[in-house]
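Close look at the chain arrangement
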Amino acid sequence: MEIRLKRAYDTAARSDGPRILVDRIWPRGVAKEEADITHWLKGLAPSTDLRKWFGHDPDKWSEFCDRYLRELKSDEAADDRETLRKILDEHKRITLVFAAKDTEHNNALALRDYILNEKI
């Protein structure tokens, strides 16, 4: 299984596989018609409180990942976790789409690690 990460502002490619938006809010300035998003799994996005607390501060990255992992394992994320499992079963490659400018400290990166480590 291959899990790619791509900013919502980057051009979609045919090789992306299903493009899954993993943010709670739609990326500012991105037209839905042009985004080529296959699924929008809001339940896999960090809570608003967690996102605001983190603020993409690299010093908070480790704690963010721990808190986000707890959210991903919660009952609130169960339906979207199951949807993601089905997508992963059907496709060899997916692309997690996110809006954050920081490509090294964002929820899509943490989610990819969760998927690969937890083998969901």
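This section reports on the structure supplied with the text. (Residues numbered from 1 in each chain as written. Predicted model: local features only at pLDDT ≥ 70, side-chain atom pairs only at ≥ 80, totals over all residues. Heavy atoms only, no water.)

**So, the nonpolar core**
Our working rule: The nonpolar core is taken to be a set of buried Ala, Val, Leu, Ile, Met, Phe, Trp, Tyr and Cys residues, with the residues joined through side-chain atoms within 4.5 Å. Between buried and exposed lies partly exposed: a residue is buried under 20% and exposed over 50% of the maximum accessible area for its type, with that area taken using a 1.4 Å probe on protein chains only. A run of H or I in DSSP becomes a helix once it reaches four residues, and a run of E becomes a strand once it reaches two; helices and strands are each numbered from the N terminus. Note on contacts: a residue pair qualifies if any of its non-hydrogen atoms lie within 4.5 Å across the two residues.
Residues Ile 20, Leu 84, Ile 94, Leu 96, Leu 111 and Ile 115 are the most contacted members of the largest nonpolar core, which totals 26 residues. Residue assignment for this core shows that the elements contributing at least two residues are helix 2 (48-54), helix 3 (61-72), helix 4 (78-90), strand 4 (93-98) and helix 5 (107-118). Considering every element that reaches this core, the biggest residue donor is helix 5, with six residues. The residues contacting Leu 84, other than those within four sequence positions of it, are Ile 20, Leu 41, Leu 44, Ile 94, Ile 115 and Ile 120. Formed by five residues, the second largest nonpolar core is a distinct cluster that contains Ala 8, Leu 21, Ala 35 and Val 97.

**Comments concerning the packing of aromatic side chains**
We apply this condition: When two rings of Phe, Tyr or Trp (its six-membered ring) have centres within 6.5 Å they constitute a pair, described as stacked for plane angles under 30 degrees, edge-to-face for angles over 60, and tilted for the intermediate range.
Applying the stated criterion across every chain, the model contains five aromatic pairs. Measuring from ring centre to ring centre gives 5.2 Å for Trp 26 and Trp 40, while their planes differ by 75°; the resulting arrangement is edge-to-face. Of this pair, Trp 26 sits in the loop between strand 2 (19-21) and helix 1 (32-35) while Trp 40 sits in strand 3 (residues 39-40), placing them 14 residues apart in sequence. On the accessibility criterion, Trp 40 (28% relative accessible area) is partly exposed. Seen from their ring centres, Trp 61 and Phe 64 are 5.8 Å apart, and the 25° between their planes marks the pair as stacked. Residue Trp 61 and its partner Phe 64 are both found in helix 3; the two are separated by three residues, about one turn of the helix.

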